[in-house]
Amino acid sequence: MNRRVFAVALSLALGLAFAPRIALAESHHLAEAVKHTKEAIDHGKMGHADVLVTHAEAALKHAQQAEAEKANPHTKEGITHLEAAIDTGKKKDAPGATKHAEEALTHLEAAQK
């Protein structure tokens with residue numbers, strides 16, 4: 001009887017020890033996507049279309065990884081707007097790219113909830 005109780009207690013303890021890490025892994029990519037999107041917006045507001053594109057591309061990679069781990073319509077919409085921000089930024093249209101990045105941020109933050 002003591003071995004069974006010990007085995008169950010050990011299993012529960014190990015499960016609780018690793019559960020936060022699993023949850024953090026899932027939210028890591030989304031958090032990174034949000035961080036890079038905010039950076040893209042900041043640079044877009046300064047007129048730095050090329051730097052906006054760099055951060056939007058990094059955000060896109062993380063958003064795509066987050067979507068692959070756990071599908072979410074907000075993440076998918078955020079990806080669409082990040083792609084538009086990249087395309088618009090490559091045309092040196094910082095204000096237009098910033099608007100797409102802001103829309104992406106809205107959706108990525110909603111996906112975190």
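Keep in mind it's a predicted model, so treat the numbers as computed, not measured.

**Concerning the environment of Glu-39**
- Note that Glu-39 resides in helix 1 (residues 2–45).
- Sequence spacing of Glu-39 and Leu-52 is 13 residues, and the spatial spacing of their C-alpha atoms is 7.4 Å.

**Considerations on the pattern of salt bridges**
- Per the counting criterion, the structure on display carries four salt bridges.
- Where Lys-38 meets Glu-109, a salt bridge forms, and the shortest distance between an N and an O atom there is 3.8 Å. Pair noted here: Lys-38 is in helix 1 and Glu-109 is in helix 4 (residues 94–112), with a separation of 71 residues, a long-range link.
- Among the salt bridges present, the one from Lys-90 reaches Glu-57, with a minimum N-O distance of 3.8 Å. A residue pair is termed long-range when its members are at least 10 positions apart, and Lys-90 in helix 3 (residues 73–90) and Glu-57 in helix 2 (residues 49–69) qualify at 33 residues.
- Judged by relative accessible area, Lys-90 falls into the exposed class, the value being 54%.

**Some remarks on the nonpolar core**
- Core analysis: the largest hydrophobic core is formed by 22 residues, its most contacted members being Ala-56, Ala-63, Leu-82 and Leu-108.
- At seven residues, helix 2 tops the list of elements feeding residues into this core.
- Ignoring sequence-local partners within four residues, the contact set of Ala-63 consists of Ala-33, Thr-75, Ile-79, Leu-82 and Leu-108.

**Structural notes on the environment of His-107**
- Checked against the element boundaries, His-107 lands in helix 4.
- Through-space distance from the C-alpha of His-107 to that of Lys-76 is 8.4 Å; in sequence the pair is 31 residues apart.
- Excluding anything up to four places from it in sequence, His-107 contacts His-74, Glu-77, Gly-78 and His-81.
- In terms of polar contacts, His-107 uses its side chain to reach the side chain of His-74, at 3.3 Å.

**Some words on helix 3**
- Compared with the 26 Å implied by 1.5 Å per residue over 18 residues, the 26 Å span of helix 3 between its first and last C-alpha is a close match.
- Residues of helix 3 that are buried: Thr-75, Gly-78, Ile-79, His-81, Leu-82, Ala-85, Ile-86, Thr-88 and Gly-89.
- Sitting at the head of helix 3, Asn-72 places a side-chain oxygen 2.7 Å from the backbone nitrogen of His-74.
- Taken from the residues just after helix 3, Lys-92 is the one with a positive phi, measuring 65°.

Cut-offs applied
Residues numbered from 1 in each chain as written. Predicted model: local features only at pLDDT ≥ 70, side-chain atom pairs only at ≥ 80, totals over all residues. Heavy atoms only, no water. Helix = DSSP H or I, 4+ residues; strand = E, 2+ residues; numbered from the N terminus. Salt bridge = Lys/Arg side-chain N within 4 Å of Asp/Glu carboxyl O. Buried < 20%, exposed > 50% of the residue type's maximum accessible area, 1.4 Å probe, protein only. Core = buried A, V, L, I, M, F, W, Y, C linked by side-chain atoms within 4.5 Å. Contact = heavy atoms within 4.5 Å. Polar contact = N/O pair within 3.5 Å; in protein donor to acceptor, adjacent residues only side chain to side chain. Expected span 1.5 Å × (residues − 1).

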